[in-house]
Amino acid sequence: HAAVAAAIIEDGALTRPLSLDVAEVLRDRAPSVALALARQALEPGATVELPPARHAAGLALVGALAEEAGDDDTALAAYTTLAARYGKEPIAADAAYRAARIAARRVPGGDAAAFEEAARAKDPLARRVAGAAREYEAIVRPLGGAQGER
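Residues numbered from 1 in each chain as written. Predicted model: local features only at pLDDT ≥ 70, side-chain atom pairs only at ≥ 80, totals over all residues. Heavy atoms only, no water.

Asker: What is the right way to read the overall build of the protein chain from this model?
Answerer: When you go through the protein chain residue by residue, the secondary structure sums to eight helices and zero strands. When the elements of the protein chain are put in sequence order from the N terminus, they spell out α-α-α-α-α-α-α-α. Residue pairs at least 24 apart in sequence account for 50% of intrachain contacts in the protein chain once pairs closer than 6 positions are excluded. For the protein chain, the exposed area adds up to about 8,400 Å²; of that, 58% sits on carbon and sulfur atoms. (Helix = DSSP H or I, 4+ residues; strand = E, 2+ residues; numbered from the N terminus. Contact = heavy atoms within 4.5 Å. Areas by Shrake-Rupley, 256 points an atom, 1.4 Å probe, with all protein chains shown as cover.)

Asker: It is not clear to me how the side chain of Thr74 should be interpreted in this structure. Could you clarify?
Answerer: When you line up the elements, Thr74 lands in helix α5 (residues 72-86). Using a relative accessible area of 12% as the deciding quantity, one classes Thr74 as buried. Here the side chain of Thr74 touches Asp71 through a polar contact of 2.7 Å, side chain to side chain. Once residues lying within four places of it in the same chain are set aside, the contact partners of Thr74 are Arg39, Val62 and Ala66. (Buried < 20%, exposed > 50% of the residue type's maximum accessible area, 1.4 Å probe, protein only. Polar contact = N/O pair within 3.5 Å; in protein donor to acceptor, adjacent residues only side chain to side chain.)

Asker: Just checking my understanding: could you explain the environment of Ala64 for this structure?
Answerer: Inspection of the secondary structure puts Ala64 in helix α4 (residues 52-69). Taking relative accessible area as the criterion, Ala64 reaches 10% and is therefore assigned buried. For Ala64, the contacting residues outside a window of four places in its chain are Arg27 and Tyr79.

Asker: Would you explain the packing of helix α3 (residues 31-42) against α4 in this entry?
Answerer: Any two packed helices are characterised by how steeply their axes cross, that is the angle between the axes, and by the distance between the axes. Two numbers describe how α3 lies on α4: the axes approach to 9 Å, and their chain directions differ by 145°. The interaxial crossing formed by α3 with α4 has left-handed handedness. Listed contacts from α4 to Pro31, Ala34, Leu35, Ala38, Arg39 and Leu42 of α3 are His55, Gly58, Leu59, Leu61, Val62, Leu65 and Ala66. Class assignment for the residues of the contact of α3 with α4 results in 10 nonpolar, two polar and one charged. (Axes fitted to C-alpha atoms, helices over the stretch in contact; angles between N-to-C directions. Left-handed = near helix turned anticlockwise from the far one by under 90°. Nonpolar A, V, L, I, M, F, W, Y, C, P; charged D, E, K, R; others polar.)

Asker: Looking at this structure, how should I read the packing of helix α2 (residues 15-26) against α3?
Answerer: The geometry of α2 relative to α3 is characterised by a closest axis approach of 8 Å and an angle of 160° between their N-to-C directions. The orientation of α2 with respect to α3, classified from their angle, is roughly antiparallel. Helix-helix and strand crossings are classified by hand; for α2 and α3 the assignment is left-handed. Here Arg16, Ser19, Leu20, Val22, Ala23 and Leu26 of α2 lie close against α3, whose contacting residues are Pro31, Val33, Ala34, Leu37, Ala38, Ala41 and Leu42. (Parallel < 35°, antiparallel > 145°, perpendicular 65-115°, else oblique.)

Asker: Honestly, the nonpolar core in this entry has me stumped. Any pointers?
Answerer: As a rule of thumb, soluble globular proteins bury nonpolar side chains together. In this structure, Tyr79 and Leu82 are the most contacted members of the largest nonpolar core, which totals 27 residues. Secondary structure elements with two or more residues in this core: α2, α3, α4, α5 and α6 (95-106). Broken down by element, this core gets its largest block of residues, eight residues, from α4. Look past the residues within four positions of Tyr79 in its chain and what remains in contact with it is Ala60, Gly63, Ala64, Glu67, Ala95, Arg98, Ala99 and Ile102. (Core = buried A, V, L, I, M, F, W, Y, C linked by side-chain atoms within 4.5 Å.)

Asker: Explain the pattern of salt bridges here, please?
Answerer: It is possible for side chains bearing opposite charge to pair when their charged atoms get close. Following the criterion strictly, the structure yields six salt bridges and no others. Close ionic contact of Arg54 with Asp21 constitutes a salt bridge, the shortest N to O distance being 2.5 Å. Pair noted here: Arg54 is in helix α4 and Asp21 is in helix α2, with a separation of 33 residues, a long-range link. Across the pair Arg54 and Glu24 runs a salt bridge whose closest N-O atoms are separated by 3.0 Å. Residue Arg54 is found in helix α4, and its partner Glu24 is found in helix α2; the two are separated by 30 residues along the sequence. Through salt bridges that share partners, Asp21, Glu24 and Arg54 make up one connected network. (Salt bridge = Lys/Arg side-chain N within 4 Å of Asp/Glu carboxyl O.)

Put into structure tokens, the structure is as follows:
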């Protein structure tokens, strides 16, 4: 944290990109710290905004880290924002699917509606993945597979 803070004091334009860079490095070693840094990098503020592709990558990182930590609210918000704002960015290809999986986990019996919504996404790959996920859930559920298993 001290190195990041020192660099930010020197140049405020580094605040967001440097925080995301450090978050990516810490992703596997300190996921909770990585999540905090990534969320901080994406918060609105007076510092220079990230380019769209970098902001999209930050949202994907926040979504993945939050989902791994069991923070479904944060993950769902990140994936939903990623799909809505940056749906054409390659990193957003599975955001609608991931959001649908989280939404389906949260609402008993809500999987069909969540997958249907994701299947109507703008991105063709997201539509195909959501459709495949819907079919997978339909096959696995009768076999005793728990919906939303990781």
